[in-house]
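Overview (structure and organization)
In case you want the letters, here they are:
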Amino acid sequence: MNRFDKSLGHNREAKIKYLDGEFRITSPGDFVTCAITSKPIALDQLKYWSVDLQEPYVDAAAAFDRHKQVNSKGR
């Protein structure tokens, strides 16, 4: 099995508990879905998430967009 074979990945969404600097898989899977873009993120590529909101982001730009959304409310 080749880990780069596109037909093998992204079969099942994992459930994750996002912690400070790490995450814990609570239900096994191959990916999570970005809260902003809805793009799948392979678990080995997951680098951005919010502990407070418990949601993952595909990249820094998506994380910043979410940060702006959350912090603009109530202004």
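Attention here is on the structure that accompanies the text. (Residues numbered from 1 in each chain as written. Predicted model: local features only at pLDDT ≥ 70, side-chain atom pairs only at ≥ 80, totals over all residues. Heavy atoms only, no water.)

With respect to the helices and strands, the residue Tyr-57 is situated in strand E6 (residues 55-57). For Tyr-57, a relative accessible area of 3% translates into the label buried. Tyr-57 has contacts with Cys-34, Ala-35, Ile-36, Ile-41, Leu-46, Tyr-48, Trp-49, Ser-50, Ala-62, Ala-63 and Arg-66, leaving out every residue within four places of it along the chain. (Helix = DSSP H or I, 4+ residues; strand = E, 2+ residues; numbered from the N terminus. Buried < 20%, exposed > 50% of the residue type's maximum accessible area, 1.4 Å probe, protein only. Contact = heavy atoms within 4.5 Å.)

Bridge count between strand E1 (residues 15-19) and strand E2 (residues 22-27): five bridges; the pairing is antiparallel. Along E2, the bridge assignment pairs Ile-16 with Ile-25. Taken together, E1 and the strand that follows it, E2, pair antiparallel across an intervening segment of two residues, in which Gly-21 is found at a positive phi of about 80°. (Pairing = 2+ DSSP bridges.)

Side-chain pairs of opposite charge can arise whenever the charged atoms involved come near each other. Counted by the stated rule, this structure contains two salt bridges. Between Arg-66 and Glu-55 there is a salt bridge, with its nearest N and O atoms 2.5 Å apart. Taken together, the residues Arg-66 in helix H1 (residues 60-72) and Glu-55 in strand E6 connect sequence positions 11 residues apart. One salt bridge in this structure joins Lys-68 and Asp-65, with 3.7 Å as the shortest N-O distance. (Salt bridge = Lys/Arg side-chain N within 4 Å of Asp/Glu carboxyl O.)

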